[in-house]
Amino acid sequence: MSRPSVDAVAATADSLLAGAFDSAQMPDAVERLRQLFDGSKACLARLGPGLTAADAIATNSDEVMQRRCYEDLAEDFIRFAEGLRCVPIGSVYRDNALFGEAALRSSRAWQEWMAPQDMYGGLGCRLAEIGPSQWFFDVQRGQRQEPFGDDDAALLQSLAPLLRRIALVSTEMSQVRWQRDETRDALDAVAMAILLLDGELRVTYANAEAEMILMETDSPLGLHQGRLFARNSGDQRLLKQGVEAALRWGEQPLDQGRSSLLIRDRREGRPALSACLIPATPITAGSRPRRAMLALKRLEPATDFVAGCRQLFQLTEAEARVASALASGQSLTQAAAVQNVRISTARTHLARIFQKTRTHQQSQLVSLLRSAALPLRSR
């Protein structure tokens, strides 16, 4: 064949690099390789145990043939993988010479898979070996084409270092994508909304529960041009401060970068969402986090007032019963009598309730308890 231009080789290399980091672009890169070598078919693939259709990127892919390759003929191709082990990593080989033309063409793999796809002579390169698996690139010429020459072999040999790196990077990226997808699936299964925010409150990730909250028309949180906002102005200020605190993590000796707040229903002013903000990115020495993670939990009506008091203000059972009695209109003396405790014990409970609710007077406490409506699910 005529020698390919430098521009064609450079464009193919660029396409391979793009495909290594974006699997959706890899089929185009392999097609460029096929054209570069004027082949009938080209393939960048893994050989080894547990083969699936995702282990090969081939040009002119035929779904039926691909299924045959990874089902009926899998054992034949695994035997080919064993035969490749004698080829040094990064070296170019001709399949007819490596396996023997007669032996190759008598195999089921050639008769039932290669020949029907006009694969009559291949030039390949063994790219990597990791455990029982190995990666290779193979380009084939058809029955009516001239066999590959020395110039073709020299061109593939010059591309071998790049192809080897592409195979390794693609493998690493596949693992990263698998871990990312597993993480996303796990986060979608969590009964809690998870969002990642930058310093401008731009949402860079939201799991399924978070998306549902943001899509609701009466939600206390919304999106505007990709930025998260609270419909209550006071909550918006606290939300912004919480993100800033998470992104400043580690600046102060005792700073944990964690903050909690209640996001209020915009219509009734009651707490609707419990929110917690923490740094989201791994912290290394001298660096600051780039993202904050916002965890949201819906607050639902409590099964009873006492249970709601306990959850919302972290009260003990006895304290919650006193608080409930006061909220219902009873005096502290009446509450003590109903609970069958001494008035001194009731006063101790009340002091602790003041501390936990950050109130100072009984009227303040009753107002807080009644206005909050304790929208929490009992444990």
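Below: a short report on this structure. (Residues numbered from 1 in each chain as written. Predicted model: local features only at pLDDT ≥ 70, side-chain atom pairs only at ≥ 80, totals over all residues. Heavy atoms only, no water.)

## Notes on the sheet that holds strand 1 (residues 41–47)
Phase 1: As summarised here, the arrangement of the five strands in space is 2-1-5-4-3, forming an open sheet in which the pairing is antiparallel. Pairing within the sheet leaves two strands with one partner each, and these edge strands are strand 2 (56–58) and strand 3 (92–94). On average, adjacent strands in this sheet sit at an angle of 20° to one another, irrespective of strand direction.
Phase 2: Taken together, the nine bridges between strand 4 (residues 121–130) and strand 5 (residues 133–141) define a ladder with antiparallel strand orientation. Along strand 5, the bridge assignment pairs Gly124 with Asp138. (Pairing = 2+ DSSP bridges. Helix = DSSP H or I, 4+ residues; strand = E, 2+ residues; numbered from the N terminus. Axes fitted to C-alpha atoms, helices over the stretch in contact; angles between N-to-C directions.)

## Observations regarding the nonpolar core
Phase 1: Phe37, Leu127, Phe137 and Leu163 are the most contacted members of the largest nonpolar core, which has 27 residues in total.
Phase 2: Mapped onto this core, the elements with two or more residues apiece are helix 1 (6–21), helix 2 (26–36), strand 1, strand 4, strand 5 and helix 8 (150–189).
Phase 3: Looking at this core, the element that brings in the most residues is helix 8, giving nine residues.
Phase 4: In this structure, Leu127 is in contact with Leu44, Ile89, Trp135, Phe136, Phe137, Ala160, Leu163, Arg164 and Ala167, ignoring residues within four places of it in sequence. (Core = buried A, V, L, I, M, F, W, Y, C linked by side-chain atoms within 4.5 Å. Buried < 20%, exposed > 50% of the residue type's maximum accessible area, 1.4 Å probe, protein only. Contact = heavy atoms within 4.5 Å.)

## Details of the side chain of Asp138
Phase 1: Along the polypeptide, Asp138 turns up in strand 5.
Phase 2: The buried charged residue Asp138 lacks any salt bridge partner; its closest oppositely charged side chain belongs to Lys41, at an N-O distance of 9.2 Å.
Phase 3: Side-chain polar atoms of Asp138 contact the side chain of Gln140, separated by 3.0 Å. (Lys, Arg positive; Asp, Glu negative; His and termini not counted. Salt bridge = Lys/Arg side-chain N within 4 Å of Asp/Glu carboxyl O. Polar contact = N/O pair within 3.5 Å; in protein donor to acceptor, adjacent residues only side chain to side chain.)

## A closer look at the pattern of salt bridges
Phase 1: As enumerated under the stated definition, the model contains 14 salt bridges in all.
Phase 2: Its salt-bridge partner being Glu101, residue Arg105 comes within 3.6 Å of it at the nearest N-O pair. Here Arg105 pairs with Glu101, and both are found in helix 6 (residues 101–105), just four residues apart, close to one helical turn.
Phase 3: The class for Arg105 is partly exposed, based on a relative accessible area of 25%.
Phase 4: Exposure remark for Glu101: the relative accessible area of 41% places this residue in the partly exposed category.
Phase 5: Between Arg298 and Glu209 there is a salt bridge, and its shortest N-O distance comes to 2.9 Å. With Arg298 in strand 12 (residues 292–298) and Glu209 in helix 9 (residues 208–215), this residue pair connects regions lying 89 residues apart in the sequence.
Phase 6: Where salt bridges share partners, they join Arg85, Arg126 and Glu129 into one cluster.

## Remarks on the packing of aromatic side chains
Phase 1: Applying the stated rule across the entire model yields one aromatic pair.
Phase 2: With 5.3 Å between their ring centres and 85° between their planes, Trp110 and Tyr120 make a pair best called edge-to-face. Here Tyr120 lies in the loop between helix 7 (108–114) and strand 4 and Trp110 lies in helix 7, a separation of 10 residues in the sequence.
Phase 3: Taking relative accessible area as the criterion, Trp110 reaches 10% and is therefore assigned buried. (Phe/Tyr/Trp six-rings, centres within 6.5 Å; stacked < 30°, edge-to-face > 60°.)

## Brief notes about the packing of helix 12 (residues 317–327) against helix 14 (residues 343–357)
Phase 1: Where helix 12 contacts helix 14, the two axes come as close as 9 Å, and the packing angle between them is 85°. Between helix 12 and helix 14, the interaxial angle falls into the category roughly perpendicular. Residues Ala318, Glu319, Val322, Ala323 and Leu326 of helix 12 form the contact with helix 14, whose own contacting residues are His349, Leu350, Arg352, Ile353 and Lys356.
Phase 2: Counted by class, the contact of helix 12 with helix 14 contains six nonpolar, one polar and three charged residues. (Parallel < 35°, antiparallel > 145°, perpendicular 65-115°, else oblique. Nonpolar A, V, L, I, M, F, W, Y, C, P; charged D, E, K, R; others polar.)

## Details of helix 2
Residue pairs spaced three or four apart in an α-helix point in one direction, given the helix's 3.6 residues per turn.
Phase 1: Every buried residue of helix 2 is accounted for by Met26, Ala29, Val30, Leu33, Arg34 and Leu36. The buried residues of helix 2 occupy one face: seen down the axis, they fall within an arc of 165°.
Phase 2: Within two residues after helix 2, Asp38 carries a phi angle of roughly 50°, on the positive side. (Arc of directions from axis to C-beta.)

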